[in-house]
Amino acid sequence: MTEAFAAQRSRLLELLQGLAYENREVILSSGRPSNFYIDCKQAVLTAEGHFLVGWLINHVLERMAPDVRAVGGLTMGADPLASAAATISFLGPRPRAAFYVRKEPKAHGTQKWIEGDKTVIPGTPVAILEDVITTGGSTLKAIERARLHGLDVRHVVALVDREEGGREAVEQEAPVTSLYKKSDFR
């Protein structure tokens, strides 16, 4: 890990702790109860958070999966991550497109599952992005839909691994890098 990467990662963690992390009882999208909640969008949607997420994701991909040409994941958690990473990638050696995976097919018109499909065509090497991995269900759905579109899923980048078994489930399908773990927030 370079000094610049460590500094950017540390600053994003500060934003996540201040804006996204809450100690409270919630029911997660997985249906599981939890005594804390991390709403990454609260930090990621700030200008600084958007920049940091895009910068960090691109640095991870340059190290772990440099051949990736597009980034995306299940809407809505992955949408700002994909847009940030695609935007920041334009400043670097390898611009990457963004794509979004719908939870349900478009109800009218094309009835498609993937947005951005004019530039992210079958055969494109991609990374799936996720804000928080709990059981891995959202990530696995995004991987499945991307593969059904003919995309070549090479890597998964998550902001937070809740350390509840989801990472291991996802690793059955693709390598995973998470920027943070639950223990970083305690």
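Here, every reference points to the structure presented above.
So, here is what we can say about the structure in this document.

Rules used in this analysis
Residues numbered from 1 in each chain as written. Predicted model: local features only at pLDDT ≥ 70, side-chain atom pairs only at ≥ 80, totals over all residues. Heavy atoms only, no water. Pairing = 2+ DSSP bridges. Helix = DSSP H or I, 4+ residues; strand = E, 2+ residues; numbered from the N terminus. Contact = heavy atoms within 4.5 Å. Axes fitted to C-alpha atoms, helices over the stretch in contact; angles between N-to-C directions. Buried < 20%, exposed > 50% of the residue type's maximum accessible area, 1.4 Å probe, protein only. Polar contact = N/O pair within 3.5 Å; in protein donor to acceptor, adjacent residues only side chain to side chain. Parallel < 35°, antiparallel > 145°, perpendicular 65-115°, else oblique. Left-handed = near helix turned anticlockwise from the far one by under 90°. Nonpolar A, V, L, I, M, F, W, Y, C, P; charged D, E, K, R; others polar. Phe/Tyr/Trp six-rings, centres within 6.5 Å; stacked < 30°, edge-to-face > 60°.

Another point: the sheet that holds strand β7 (residues 152-161). One open sheet accounts for six strands, arranged β5-β4-β3-β6-β7-β8; its pairing is mixed. In this open sheet, the two edge strands, each paired with only one partner strand, are β5 (114-115) and β8 (176-181). The pairing of strand β6 (residues 125-133) with β7 spans eight bridges and is parallel. Its bridge partner lying in β7, Val 132 is registered against Val 160. Helix α4 (residues 79-89) contacts β3 (70-74), β4 (97-101), β6 and β7 of the sheet and is inclined by roughly 170° relative to β4.

If you trace the backbone, Ser 178 turns up in strand β8. Classification of Ser 178 by relative accessible area gives buried; the value is 18%. Sequence separation of Ser 178 and Pro 66 is 112 residues, and the distance between their C-alpha atoms is 17 Å. Those residues within four positions of Ser 178 in sequence are excluded, and the remaining contacts are Ala 158, Leu 159, Asp 161 and Arg 167. A polar atom in the side chain of Ser 178 sits 3.0 Å from the side chain of Arg 167.

A few words now on the packing of helix α1 (residues 3-20) against helix α3 (residues 47-64). Two elements in contact, α1 and α3, have axes whose closest approach is 10 Å; the angle formed by their N-to-C orientations is 140°. Between α1 and α3, the angle falls in the class oblique. The two elements α1 and α3 meet at a crossing, and its hand is left-handed. For the pair α1 and α3, the contacting residues are Ala 4, Phe 5, Gln 8, Arg 9, Arg 11, Leu 12 and Leu 15 in the first and Glu 48, Gly 49, Phe 51, Leu 52, Val 53, Trp 55, Leu 56, His 59 and Val 60 in the second. In the contact of α1 with α3, the residues fall into 10 nonpolar, three polar and three charged.

With that settled, the discussion passes to the environment of Ala 158. Along the polypeptide, Ala 158 turns up in strand β7. Distance in space between the C-alpha atoms of Ala 158 and Ser 178 is 4.5 Å, their sequence separation being 20 residues. Excluding residues within four positions of it along the chain, Ala 158 makes contact with Glu 130, Asp 131, Ile 133, Thr 177, Ser 178 and Leu 179.

Another point: unusual backbone geometry. Geometrically, the link from Thr 75 to Met 76 is a cis peptide bond, its omega value of 15° lying close to zero. Looking at the secondary structure, you find Met 76 in the loop between β3 and α4. Phi at Glu 163 is positive, roughly 60°, even though this residue is not glycine. Residue placement: Glu 163 occurs in the loop between β7 and α6 (166-170).

Before going further, it helps to spend a moment on the packing of aromatic side chains. Given two aromatic rings, one states the distance between the centres and the angle between the planes to describe the pair. Applying the stated criterion across every chain, the model contains four aromatic pairs. Summarising the aromatic geometry, the rings of Tyr 21 and Phe 185 are spaced 5.6 Å apart at their centres and angled 20° between planes, so their arrangement reads as stacked. Here Phe 185 lies in the segment after β8 and Tyr 21 lies in strand β1 (residues 21-27), a separation of 164 residues in the sequence. Seen from their ring centres, Tyr 180 and Phe 185 are 6.3 Å apart, and the 75° between their planes marks the pair as edge-to-face. The class for Tyr 180 is buried, based on a relative accessible area of 1%.

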